[in-house]
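The lines below spell out each chain.
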Amino acid sequence: MEIIIQPTAEAATRIAARVMARLLREKPNAVLGLATGSTPLQLYRELAQMNLDWRRVATFNLDEYVGLSPQHPESYHNFMRENLFQHVNILQKNVHIPDGMAADIPALCERYEKEIRAAGGIDLQLLGIGTDGHIGFNEPSSSLASRTRIKTLTPQTRRDNARHFGGEAQAPHHVITMGIGTIMEARHCLLLAFGGKKARAVAGAVEGPVTAMNPASVLQLHPRVTLCLDNAAAARLKMKQYYRWVFENKPEWQKF
Ligand code: PGA
């Protein structure tokens, strides 16, 4: 794992934006796995200002709430449109987000997996992390080999999300999410985590055992993972001085 600790979320985001921009310049038909939530908001703002060509880029979002139409203000369809897609020249036909209104969810999930394969697999998967260690919406105890499927959110995640829905009672119970096995097939995983609320999940993911009880810990088995953290999210990492030292002493060609 490459662990990059920056003083602020803004500085960590700038590095993540450089990683993504470099990929889009080197591979104009890159396949991106995208995430939602508060964590990537600034990243999307930066990417939108970077004068990148998105015409041949394909995207696959991690997840969507079951029962929310693409027009619902809190749907991830709407989130992506508002925060990224309407600001760049991506083609709608290249955008993939699970349909929360699908009548046949298992069939939709199977199709989503096929579409990812048909696109050649995901070059870079952007990830946030839940306070319980979830990636996508793969909550603790999710199979580490899981594929795209329906999941029931934990009470903790529903509490974390309540602010978007005007209270916990209105927060959806179910989501469609890429599985952990799906995420692990991406060629590069870029995980962002900011703020002290994420510190415990981050420490478990990086320095704890690989366990389904902290789904992000499975990334220890992935050949190419980059974590962009602010100081607060890195606070509980025992080896943080070492990670900083490694980052500062990279060979020139490896720098961002
Ligand atoms: P957040 O959510 O970016 O809103 O903190 C992250 C996640 O739940 O994966």
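Everything below is about the structure printed above this text.
In short, a report on the structure. These figures come from a predicted structure and were not determined experimentally.

## Let's talk about the overall build of the chain
(1) Moving on: When you go through the chain residue by residue, the secondary structure sums to eight helices and 10 strands.
(2) Moving on: Summarising its shape, the C-alpha atoms of the chain cover approximately 50 × 40 × 35 Å along the three principal directions.
(3) Moving on: Within the span of the chain, comprising 256 residues, buried residues form 55% of the whole.
(4) Moving on: Sequence-distant contacts in the chain: of pairs separated by 6 or more residues, those separated by 24 or more amount to 78%.
(5) Moving on: Considering the chain, the positive charge centre built from 30 side chains and the negative charge centre built from 24 side chains are found 3 Å apart.

## Notes on the site of the ligand
(1) Moving on: Taken together, Gly37, Ser38, Thr39, Gly128, Ile129, Gly130, His134, Arg163 and Lys198 make up the full set of residues near the ligand.
(2) Moving on: With respect to the ligand, the side chain of serine 38 contributes an N or O atom lying 2.9 Å from an oxygen atom.
(3) Moving on: Separating an oxygen atom of the ligand from a side-chain N or O atom of threonine 39 is a distance of 2.5 Å.
(4) Moving on: Protein burial of the ligand: of its 280 Å² of free accessible surface, 79% is covered by the chains.
(5) Moving on: Its residues assigned to classes, the shell around the ligand comprises one nonpolar, six polar and two charged.

## Looking at the sheet that holds strand E8 (residues 174–177)
(1) Moving on: The three strands lie next to each other as E4-E8-E7, forming an open sheet whose pairing is antiparallel. On the outer flanks of this sheet lie strand E4 (63–65) and strand E7 (149–152), each paired with one strand and no other. Along the sheet, successive strands turn relative to each other by an average axial angle of 30°, direction set aside.
(2) Moving on: Where E7 meets E8, four bridges bridge the pair, whose relative direction is antiparallel.

## Some remarks on the packing of helix H1 (residues 9–26) against helix H2 (residues 41–48)
(1) Moving on: Interhelical geometry of H1 versus H2 gives an angle of 50° and a closest axis separation of 9 Å. Compared by their axis directions, H1 and H2 come out oblique. Where H1 crosses over H2, the handedness of that crossing is right-handed. Of H2, the residues touching H1 (which contributes Thr13, Arg14, Ala16, Ala17, Met20 and Ala21) are Gln42, Leu43, Glu46 and Leu47.
(2) Moving on: Among the residues making up the contact of H1 with H2, the classes are represented as six nonpolar, two polar and two charged.

## Regarding the sheet that holds strand E3 (residues 58–61)
(1) Moving on: Spatially, E1-E10-E9-E6-E2-E3-E5 is the arrangement adopted by the seven strands of the open sheet, whose pairing is parallel. In this open sheet, the two strands that pair with only one neighbour each are strand E1 (2–6) and strand E5 (95–96).
(2) Moving on: Sheet topology places strand E2 (residues 31–34) next to strand E6 (residues 124–127); two bridges connect them, and they run parallel. In the strand pairing of E6, glycine 33 is matched with glutamine 125.
(3) Moving on: Across the face of the sheet, H1 comes into contact with E1, E2, E6, strand E9 (189–193) and strand E10 (225–230) while running at roughly 150° to E10.
(4) Moving on: Sheet strands touched by helix H4 (residues 105–118): E3 and E5. Its angle to E3, the strand with the most contacts, is close to 150°.

## As for the nonpolar core
(1) Moving on: Ranked by size, the top nonpolar core spans 77 residues in total, and within it Trp54 and Leu237 carry the most contacts.
(2) Moving on: Sorting elements by how many residues they give to this core places H1 first, with 10 residues.
(3) Moving on: Apart from residues no more than four positions distant in its own chain, leucine 237 is found in contact with Ile3, Ile5, Val202, Ala203, Val206, Glu207, Leu229 and Tyr243.
(4) Moving on: One finds Ile105, Leu108, Cys109 and Ile176 within the second-largest nonpolar core, a separate group that totals five residues.

## Side note on helix H3 (residues 76–83)
(1) Moving on: Listed in full, the buried residues belonging to H3 are Tyr76, His77, Asn78, Phe79 and Met80.
(2) Moving on: Against E2, H2, E3 and E4 lie the buried residues of H3.

## Things to note about the state of the cysteines
(1) Moving on: Counted under the stated rule, the structure contains zero disulfides.
(2) Moving on: Cysteine 109 takes part in no disulfide bond, and the closest cysteine sulfur, belonging to cysteine 189, lies 19 Å away.
(3) Moving on: With a relative accessible area of 4%, cysteine 109 lands in the buried category.
(4) Moving on: With no disulfide of its own, cysteine 189 lies 13 Å from the sulfur of cysteine 228, the closest cysteine sulfur.
(5) Moving on: Looking at cysteine 189, the relative accessible area reads 0%, which means it is buried.

Conventions adopted
- Residues numbered from 1 in each chain as written.
- Predicted model: local features only at pLDDT ≥ 70, side-chain atom pairs only at ≥ 80, totals over all residues.
- Heavy atoms only, no water.
- Helix = DSSP H or I, 4+ residues; strand = E, 2+ residues; numbered from the N terminus.
- Buried < 20%, exposed > 50% of the residue type's maximum accessible area, 1.4 Å probe, protein only.
- Contact = heavy atoms within 4.5 Å.
- Lys, Arg positive; Asp, Glu negative; His and termini not counted.
- Charge placed at Lys NZ, Arg CZ, Asp CG, Glu CD.
- Near = heavy atom within 4 Å.
- Polar contact = N/O pair within 3.5 Å; in protein donor to acceptor, adjacent residues only side chain to side chain.
- Areas by Shrake-Rupley, 256 points an atom, 1.4 Å probe, with all protein chains shown as cover.
- Nonpolar A, V, L, I, M, F, W, Y, C, P; charged D, E, K, R; others polar.
- Pairing = 2+ DSSP bridges.
- Axes fitted to C-alpha atoms, helices over the stretch in contact; angles between N-to-C directions.
- Parallel < 35°, antiparallel > 145°, perpendicular 65-115°, else oblique.
- Left-handed = near helix turned anticlockwise from the far one by under 90°.
- Core = buried A, V, L, I, M, F, W, Y, C linked by side-chain atoms within 4.5 Å.
- Disulfide = S-S within 2.5 Å.

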